[in-house]
Protein chains: 2
Amino acid sequence: MYERKIPLTLGCGFELVRQVVNGKWKFMLLYCLHEGITRPSAMERALPGISRRVINIQLNQLIGHGLVSKQDYEEKPPRVEYFLTDLGKSLIPFIIDLGTWGEEHKGTLQLNIV
Amino acid sequence: MYERKIPLTLGCGFELVRQVVNGKWKFMLLYCLHEGITRPSAMERALPGISRRVINIQLNQLIGHGLVSKQDYEEKPPRVEYFLTDLGKSLIPFIIDLGTWGEEHKGTLQLNIV
DNA sequence: CAGAATCCGCTACGATACTG
DNA sequence: CAGTATCGTAGCGGATTCTG
């Protein structure tokens, strides 16, 4: 054998992950759901700076990717709730650990990012 | 107490991580380095579809974030090598585990993404 | 309160060509 | 082989407005 052109058996996995978590607020939205913040209005309060449009778009993408499910109670005034699916839950440990990693290296990183 | 407006102590960490790994090929570049693929030409071969321009841009960002270091041997023909810093190495387990996660749920995810 | 529709600026990325 | 410069494009996300 010569050389492996694509030595990255994980490459496909990387790309899938990248697509799934691609989006400015996806991590935080998933973490909100994990924290029990299930309603859009609550997310808007919990995440200063996010807009309703982006909440909807990114939640819908997460639903499309099978990480989130939606419950519409069809009441008036409207009430809906979003929940993590099992697949979504399986991603939470990564998110928390990555967030912790970011916190721990905040000093080093911020210097460079700012 | 009323309600915590920002219940996400990890929010800042999320944001830092998002900025650091933001980029289509960052995961794969970091994984390349971890695999010992240190030279740009080798990365180009290992990652079909990537361009030299993007390799340089994203590696420089990683350097700026302190995850990667560069060694220029100042020879002719030119030869340079990139390496993971300790900070960069500390991110590798996440990347591998996320790639594995993506691989494991490929079936579920691909249906939705395609 | 949930959410869809519209407009728009910014950036990332790809393609290409060029310098040492 | 390494790296830069330029151009064109698609998409993300912010602001705003409107509906049920």
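Worth saying up front: this structure is predicted, and the values here are computed from it rather than measured.

A word on the protein's contact with DNA strand D
Lining the immediate surroundings of DNA strand D are 17 residues, of which A:K24, A:R53, A:Q58, B:S41 and B:K70 lie closest. Of everything in DNA strand D that lies within 4 Å of the protein, sugar and phosphate atoms constitute 51%. A:Q58 is positioned such that a nitrogen or oxygen atom in its side chain is 2.7 Å from a phosphate oxygen of DNA strand D. Residue composition of the surface near DNA strand D, by class: seven nonpolar, four polar and six charged.

Points about the side chain of A:T85
Residue and element names in this part refer to chain A. Here T85 is to be found in the loop between β2 (80-84) and α5 (86-89). Engagement of the side chain of T85 in a polar contact is seen with the backbone oxygen of G66, the distance being 2.6 Å. When near neighbours in sequence (up to four residues on either side) are disregarded, T85 contacts G66, L67, V68 and S69.

Notes on helix α4 (residues 52-64) of chain A
Residue and element names in this part refer to chain A. End to end, α4 covers 18 Å across 13 residues, agreeing with the expected 18 Å (1.5 Å per residue, within 8%). Along α4, the residues that are buried comprise V54, I55, Q58, L59 and L62. Each buried residue of α4 sits inside an arc of 120° when the element is viewed along its axis, so together they form one side. In the core, the buried residues of α4 are packed alongside α1 (11-20), α2 (26-34), α3 (40-46), β1 (68-72) and β2. Once α4 finishes, G66 follows within two positions and takes phi at roughly 85°, a positive value.

A few points about the packing of aromatic side chains
All told, the structure shown has four aromatic pairs over all chains when counted by the stated rule. Here the aromatic rings of A:F14 and B:Y31 are separated by 5.3 Å at their centres, their planes lie at 70°, and the arrangement is edge-to-face. Of the two residues, A:F14 sits in helix α1 while B:Y31 sits in helix α2 (residues 26-34), which places them in two different chains. For the pair A:F14 and B:Y31, one class covers both residues: buried. Residues A:F27 and B:F14 carry aromatic rings whose centres are separated by 6.2 Å and whose planes lie at 75° to one another, so their mutual orientation is edge-to-face. Taken together, the residues A:F27 in helix α2 and B:F14 in helix α1 (residues 11-20) connect one chain to another.

Quick look at the relation of the copies chain B and chain A
The two copies are related by a screw motion: chain B maps onto chain A through a turn of 180° and a shift of 0.0 Å along the axis, at an RMSD of 0.0 Å. Here the symmetry operator amounts to a two-fold rotation axis. Relative to the rotation axis, the closest C-alpha in chain B is found at B:F94, a distance of 3.6 Å.

Regarding the state of the cysteines
Counting across every chain of the model gives zero disulfides over all chains. A:C32 supplies the cysteine sulfur nearest to B:C12, a cysteine that is in no disulfide, at a spacing of 15 Å.

Thoughts on the protein's contact with DNA strand C
Around DNA strand C there are 17 residues in total, and A:K70, A:Y82, B:K24, B:R53 and B:Q58 lie nearest to it. At a separation of 2.3 Å, a phosphate oxygen of DNA strand C approaches a polar side-chain atom of A:K70. Elements that contribute at least two residues to the surface near DNA strand C include exactly α3, α4 and β2 of chain A together with α4 (52-64) of chain B. Across the surface near DNA strand C, the residue classes break down as seven nonpolar, four polar and six charged.

Calculation rules
- Starting afresh in each chain, residues are numbered from 1 along the sequence in its written order.
- Labels are handed out in written order, letters beginning with A for the chains and numbers beginning with 1 for the ligands.
- The predicted origin of the model limits local features to residues at a pLDDT of at least 70 and limits the giving and counting of side-chain atom pairs to 80 or more, whereas totals for whole chains, interfaces and linings rest on all residues.
- The basis for the side-chain values is all heavy atoms of the structure; hydrogens and waters are excluded.
- We call a residue near a molecule or strand whenever a single non-hydrogen atom of that residue lies within 4 Å of it.
- Side-chain atoms alone can form a polar contact between residues adjacent in sequence; in general such a contact is a pair of N or O atoms within 3.5 Å, and within protein one must be able to donate a hydrogen while the other accepts it.
- Note that Gly is not counted as nonpolar here; it falls among the polar residues with everything else outside the nonpolar set of Ala, Val, Leu, Ile, Met, Phe, Trp, Tyr, Cys and Pro and the charged set of Asp, Glu, Lys and Arg.
- Secondary structure elements are defined from DSSP: runs of H or I of at least 4 residues count as helices, runs of E of at least 2 residues count as strands, and each element is numbered from the N terminus.
- Note on contacts: a residue pair is in contact if any heavy atoms of the two residues lie within 4.5 Å.
- One less than the number of residues in a helix, times 1.5 Å, gives the span that helix is expected to have.
- Buried means the residue's accessible area, taken with a 1.4 Å probe over protein chains only, is under 20% of the maximum for its type, while exposed means over 50%, and partly exposed covers the values in between.
- The directions from the helix axis to the C-beta atoms are what the arc is built from.
- Ring pairs are drawn from Phe, Tyr and Trp, using the six-membered ring of Trp, whenever the two centres fall within 6.5 Å, and their geometry is named by plane angle: stacked under 30 degrees, edge-to-face over 60, tilted for the rest.
- Fitting of the copies onto one another was done by least squares over C-alpha atoms, counting residues only where both copies have pLDDT of at least 70.
- Disulfides are defined as pairs of cysteine sulfur atoms found within 2.5 Å of each other.

Purely spatial values, then, with no claim about function.
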